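# Commentary on secondary and tertiary structure
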Amino acid sequence: MTEADDALLVSLLEERDRALLREIFGARASFDAPLAPHTSWRIGGPADALLSVETSDELAQVLRLVAKRKLPWYVLGSGSNLLVGDGGIRGVVVRLGSEFARIDFDDETGAAVVVRAGASASLALLAGQAAGRGALGIDGLVGIPGSVGGALRMNAGTDREIGEFVREVWVQTPAKPAPHAVSPQYFYRHTTLARDAVVASVTLAFERGDATIVRERLQQRLVRRKESQPLQFPNAGSCFRNPPGDKAGRLIEAAGAKGWRQGAAEVSELHANFILNRGGARAADVAALLARVRRAVAEQFGVDLELEVHFVGVFV
Ligand SMILES: Cc1cc2nc3c(=O)[nH]c(=O)nc-3n(C[C@H](O)[C@H](O)[C@H](O)COP(=O)(O)OP(=O)(O)OC[C@H]3O[C@@H](n4cnc5c(N)ncnc54)[C@H](O)[C@@H]3O)c2cc1C
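Criteria and thresholds
Each chain carries its own residue numbering, running from 1 in the written order of its sequence. With the structure being a predicted model, the display of local features is reserved for residues of pLDDT at least 70 and the display and counting of side-chain atom pairs for 80 or more, all residues being used for whole-chain, interface and lining totals. To obtain the side-chain values, all non-hydrogen atoms of the structure were included, while hydrogens and water were left out. What counts as a helix is a DSSP run of H or I of at least four residues, what counts as a strand is a run of E of at least two, and both are numbered from the N terminus. Under the rule applied, a polar contact is a pair of N or O atoms within 3.5 Å (in protein, one hydrogen donor and one hydrogen acceptor; residues adjacent in sequence only if both atoms are side-chain atoms). Contact criterion: two residues are considered in contact whenever any of their non-hydrogen atoms come within 4.5 Å of each other. Any two rings among Phe, Tyr and Trp, with Trp reduced to its six-membered ring, count as a pair given centres within 6.5 Å; such a pair is stacked if its planes are under 30 degrees apart, edge-to-face if over 60, and tilted if neither. Our definition puts a charge over a ring when NZ of Lys or CZ of Arg is within 6 Å of the ring centre and also within 35 degrees of the ring normal. Within this analysis, patches are made of residues with over 30% relative accessible area and no salt bridge. Like charges are joined at 9 Å or less; nonpolar side chains (Val, Leu, Ile, Met, Phe, Trp, Tyr) at 5 Å or less. A 1.4 Å probe and the Shrake-Rupley method give the accessible areas. Residues count as covered only by the protein chains that appear here. Think of a salt bridge as a Lys or Arg side-chain nitrogen and an Asp or Glu carboxyl oxygen that are within 4 Å of each other. In this description, a line fitted to the C-alpha atoms serves as the axis of each element, helices being fitted only across the stretch in contact, and the angle between N-to-C directions of two axes falls anywhere from 0 to 180 degrees. Here roughly perpendicular refers to angles of 65 to 115 degrees, roughly parallel to angles under 35, roughly antiparallel to angles over 145, and oblique to all remaining angles. We call Asp, Glu, Lys and Arg charged. Ala, Val, Leu, Ile, Met, Phe, Trp, Tyr, Cys and Pro are nonpolar, and the rest, Gly among them, are polar. Categorising residues by exposure relies on relative accessible area from a 1.4 Å probe, with only protein chains included: less than 20% of the type maximum marks a residue as buried, more than 50% marks it as exposed, and the intermediate range marks it as partly exposed. Note: two strands are recorded as paired if DSSP finds a minimum of 2 bridges between them. Given the number of residues in a helix, its expected span is that number minus one, multiplied by 1.5 Å. It is the directions from the helix axis to the C-beta atoms whose arc is reported.

Before going further, it helps to spend a moment on the side chain of Asp48. Tracing the backbone shows Asp48 in strand β2 (residues 46-53). Here the side chain of Asp48 touches Gly91 through a polar contact of 2.7 Å, landing on its backbone nitrogen. Not counting residues within four places of it along the chain, the set of residues in contact with Asp48 comprises Ser11, Leu12, Leu13, Arg18, Ser30, Phe31, Asp32, Ile89, Arg90 and Gly91.

Turning our attention to the packing of aromatic side chains. In the structure shown here, the tally under the stated rule is two aromatic pairs. Here the guanidinium or amino end of Arg133 rests over the ring plane of Phe105, the centre of that ring lying 3.8 Å away. Here the guanidinium or amino end of Arg292 rests over the ring plane of Trp260, the centre of that ring lying 3.8 Å away.

Attention now moves to a nonpolar patch on the surface. On the surface, Met1, Leu8, Leu9 and Val316 cluster together into a nonpolar patch covering about 350 Å² of accessible area. Looking at where Met1 falls in the secondary structure, it is placed in the segment before α1 (3-8).

Contact pair helix α2 (residues 15-25) / helix α3 (residues 56-69): the axes reach a minimum separation of 12 Å and the direction vectors enclose 170°. Taken together, the axes of α2 and α3 are roughly antiparallel relative to one another. Contacts between α2 and α3 involve Arg16, Asp17, Leu20, Leu21, Ile24 and Phe25 from the former and Glu58, Gln61, Val62, Leu65 and Arg69 from the latter. For the contact of α2 with α3, the class distribution of residues is six nonpolar, one polar and four charged.

Moving on: the pairing of strand β7 (residues 112-118). Where burial is concerned, most of β7 is hidden: five out of the seven residues are buried. Strand direction decides the pairing type here: strand β6 (residues 103-105) and β7, joined by three bridges, are antiparallel. By the bridge assignment for β7, Asp104 is matched with Arg116. Relative to strand β12 (residues 198-207), β7 is paired through seven bridges, and the arrangement is antiparallel.

A rise of 1.5 Å per residue sets the reference length of helix α8 (residues 283-301), with its 19 residues, at 27 Å; its end C-alpha atoms lie 27 Å apart and thus fit the reference within 8%. Taken together, the buried positions of α8 are occupied by Ala283, Asp285, Val286, Leu289, Leu290, Val293, Ala296 and Val297. Down the axis of α8, the smallest arc covering the buried residues is 160°, so these residues share one side. Elements in contact with the buried residues of α8: β4 (82-84), α7 (248-254), β13 (261-262), β14 (265-267), β15 (275-277) and β16 (310-312). Gly302 sits one or two positions beyond α8 and adopts a positive phi of about 65°.

Take Gly77: it is sitting in the loop between β3 (73-76) and β4. Each C-alpha atom, one on Gly77 and one on Ala111, is 31 Å from the other, the two residues being 34 residues apart in sequence. Beyond its immediate stretch of four places on either side in the chain, Gly77 contacts Arg95 and Ser147.

The following block contains the structure:
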């Protein structure tokens, strides 16, 4: 490592920042905290500070603090779409806790199934509960791990995407720390949500159909996903977005990349758009493998694959 690399690993928090965070968050603030346990790839170096934020007021406090102290910060969902660098994340990493995990359904008899969910609520749990109420289209969101906030940021989905069902989004930002409503636009695996907006809660609305049929569809999707996805090793789902009119997995397979390895990172034999952590893979391994796959597809098919997974932190 060069001196410049070393400098990227030095915490940006001063002792007074740590003292203040300790005072506000007590045991819910951890310092130099490994992030690997918080990502589905089980990869990633330490965060200078990792905060478990329980309420909107606490979130507002953190946002004011990072703005005042000009500290870099990052909001983590369930970490199922992230490659965190081996050097970790400088500054403050926020995880949303219990107040943000609520799932509340409106009137149980109307023509629509309406649900308000906090950003840290599990999308899988929401999908199961919504299916039980006959929410039409919810099967398109089934089997996607992660939080409601992460899903909203990513516009997660399959043939249906979460953005199609959004009625309201509430966010908090450093400039406007109190919860307020915004109306982002939704595109394939991204949205116009401001980069510094933390999703606090989301209201979704679905047409109400027959719950038995919806539950059946949900089960069928889950079975299909289990058959087609390599879920026995840590991964982050599809690494590349599908290019228009094609599938990234098909192109990667056709490039002959299935089974390629770098360290303990491996291109899945079952689904070529998945990279598996076969045990102890580093972010650098995954990044190198992704670059090799991308090069191969570009050289053989002239298609420049775009990453779906977000790279975050320091890559050394
Ligand atoms: C096995 C597997 C299968 C998958 N299948 C699918 C699929 O079918 N379709 C699909 O779309 N995705 C899929 N994914 C990817 C992933 O689950 C989704 O992108 C998911 O929505 C990410 O949610 P998360 O909470 O894990 O977010 P994270 O990975 O933690 O974060 C993703 C992004 O969202 C931001 N973010 C997180 N929470 C908030 C918040 N509260 N406010 C603002 N920004 C926030 C983060 O900063 C980051 O930029 C799959 C992943 C796995 C591991």
